Amino acid sequence: MNASDILVERLIAWGVDTVFGLPGDGINGVFEALRQNQERIRFIHVRHEEAAALAACAYAKFTGRPGVCIATSGPGGIHLLNGLYDAKMDHAPVLAITGLQHSDLIGTFTQQDVALDKLFIDVTEYNERIMNGAHMEAVADLAIRTAIEKRGVAHITLPVDVQIQSVKKGRSDRNPPHHTTATPAFSEAMPSRVDLEHAADILNRGKRIAILAGQGALHATAELERAAEILGAPIVKALLGKAAVPDDSPYTTGGIGLLGTEPSQNALEDCDTLFIVGSSFPYIEFLPEPGSVKCVQIDIDPQRISLRYPADVALIGSSRACLRALMPMLRPHDKGFLSKAQKAKKSWEALLEERGTFMEKPMKPQVVGWELGKRIPANAIVTSDSGTITTWWARYVPALRGQMHSCSGNLATMACGLPYAIAAAVAYPDRPVYCIIGDGGLSMLMGELITVAAYKLNIKIIVIKNNTLGQIKWEQMIFLGNPEYACDLYPADFVAIARGCGIDAMQISEPSACGQQLDAAVTHQGPILVEAVVDEFAAPMPPKIKAGQAVKFAESLLRGEPNRTKIALTTLHERVRELV
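Since we're looking at a predicted model, the values are computed, not measured. (Residues numbered from 1 in each chain as written. Predicted model: local features only at pLDDT ≥ 70, side-chain atom pairs only at ≥ 80, totals over all residues. Heavy atoms only, no water.)

### Section: the sheet that holds strand β1 (residues 18-21)
Taken together, six strands build an open sheet; the order of strands is β2-β1-β3-β4-β6-β5 and the sheet is parallel. Each edge of the sheet is formed by a strand with only one pairing partner; in this case those strands are β2 (42-45) and β5 (126-129). Sheet twist, expressed as the average angle between the axes of neighbouring strands with direction ignored, equals 20°. The pairing of β5 with strand β6 (residues 153-159) spans four bridges and is parallel. Of the residues in β6, the one forming a bridge with Y126 is A154. (Pairing = 2+ DSSP bridges. Helix = DSSP H or I, 4+ residues; strand = E, 2+ residues; numbered from the N terminus. Axes fitted to C-alpha atoms, helices over the stretch in contact; angles between N-to-C directions.)

### Section: the nonpolar core
Within the largest apolar cluster, 59 residues are counted, with the highest numbers of intra-cluster contacts made by F20, C69, L84, L418, I459, I461 and L529. For this core, the element with the highest residue contribution is helix α3 (residues 49-63), accounting for eleven residues. If we skip the residues at most four places from it in the chain, I461 touches L418, C435, I437, L449, I528, L529 and V530. If you look at the next biggest cluster of nonpolar residues, it comprises 34 residues, including V368, W370, I376 and M506. (Core = buried A, V, L, I, M, F, W, Y, C linked by side-chain atoms within 4.5 Å. Buried < 20%, exposed > 50% of the residue type's maximum accessible area, 1.4 Å probe, protein only. Contact = heavy atoms within 4.5 Å.)

### A look at the environment of Q36
Secondary-structure assignment places Q36 in helix α2 (residues 28-36). The class for Q36 is exposed, based on a relative accessible area of 51%. As for Q36 and V8, which are separated by 28 residues in sequence, their C-alpha atoms are 9.6 Å apart.

Read these as layout, nothing more, since geometry by itself doesn't imply function.
Structural data, given as structure tokens:
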């Protein structure tokens with residue numbers, strides 16, 4: 001056996017069943033090993049290595065198992081980086097496998113002579129160059145174990161000649177074969193009794209408790225709702241925690257942040273106690289002033305404690321285990337604070353319905369989100385891209401009990417939506433997958449439409465087409481007070497492009513027909529792309545507009561915003577409708 005044979009054997013031993021990537025002469029030794037084991041481990045051929053890494057990240061998020069991507073030497077490995085940073089920043093276990101040039105030519109300016117192990121230092125928890133065939137077994141086991149344990153990226157890079165080198169080559173006396181294993185090792189860390197009692201005391205003393213739930217609470221839905229019932233506490237959700245509690249739960253007020261909800265923002269502004277469960281939500285400005293309220297935090301990673309808000313007590317462990325241990329110590333609270341949040345939620349939902357049922361032309365993106373949100377089935381997996389599209393997904397597409405939702409959280413990279421959907425459809429072929437994406441994000445990795453067609457993946461691709469980089473446009477105006485610049489996109493025909501790739505497609509432009517056309521898309525067998533043409537001047541307004549944002553917006557109009565008349569009329573029209 002050679003080094004590549006051993007690598008693939010160790011992947012299989014660890015339960016890896018899928019690898020995303022592209023072949024190339026710098027990694028062909030490993031591809032031969034994959035070919036020989038194609039009945040046990042499948043290779044998904046994407047059209048760009050960035051998509052391979054993003055898909056590996058999403059595969060890890062949706063399955064809980066390590067995602068794996070592979071690329072050739074030089075440019076192939078370089079292309080992986082964006083998706084690997086997505087995995088790093090959202091704590092997804094991913095193994096990247098890359099090639100290097102021949103070991104006796106490294107560092108001599110040969111073709112594709114890129115030291116990928118050096119390049120990947122910042123993105124990885126484990127990063128190693130294979131020195132000879134005998135080196136592979138122990139490194140592969142350690143790399144996969146580290147990715148799982150550290151919930152991050154591991155990287156193995158192999159010179160071309162080493163890929164086909166016998167495992168007997170270069171073996172030292174201190175490296176007998178098979179001294180490592182794929183035996184999983186899990187730690188169910190539990191906080192001390194003293195810390196649990198301290199946390200319970202703080203929560204029992206609280207009068208207005210708000211729970212902030214994130215990605216770390218995705219598997220603790222029942223426990224979150226039970227804690228909210230006991231504490232009379234509304235559950236506010238960070239974006240990656242969208243599916244932690246279904247949006248129709250009486251305990252949640254929805255998301256927080258620029259694309260969150262007003263009742264969630266009010267809950268955090270009015271609380272006297274903050275209970276953070278599995279979240280390191282990065283936008284500190286939406287949290288209470290530091291030190292103004294008491295805080296209990298649960299996180300599996302001690303490094304994340306007090307990262308965004310000073311915790312009075314920290315419980316280290318999984319959200320589910322910590323909540324279960326804590327709840328017997330909690331006393332039932334008055335439901336006044338929760339009831340107030342529930343009433344505010346109903347008012348917010350009425351506002352969303354008002355925005356989502358505008359029949360004016362051009363069609364508003366809220367209409368697409370509203371109609372789509374009513375039609376996605378409860379067993380679906382939903383992915384979102386980054387940009388204004390994230391707002392429409394976050395607010396208008398509810399997370400139902402049993403669904404999975406995800407996006408690029410902390411990296412917030414564009415182009416993630418379609419690779420995420422590909423990973424979901426590969427992992428769960430019996431579940432429908434919905435990809436909600438903007439024209440900017442789709443344009444970046446449009447070649448992956450071919451991947452969808454090639455594997456006949458059951459993905460409904462909803463493209464919100466406004467011919468502009470909307471999020472960037474509004475950030476230029478509202479955050480800086482500048483007129484928009486370089487944000488317009490050439491109006492591509494995504495229906496024609498999809499059909500050219502072998503995918504059925506349709507266009508929606510009439511708000512009155514939106515629901516009926518989406519019905520046809522939802523019931524369509526196999527992949528389909530829906531191009532929804534919407535008003536480019538519809539703004540993804542924050543839940544509560546701050547005075548400074550309003551001033552910057554006005555400044556941008558006065559300083560020569562080229563579309564100031566249309567933007568002002570559209571924005572004012574929406575606000576007047578809401579007030580009425």
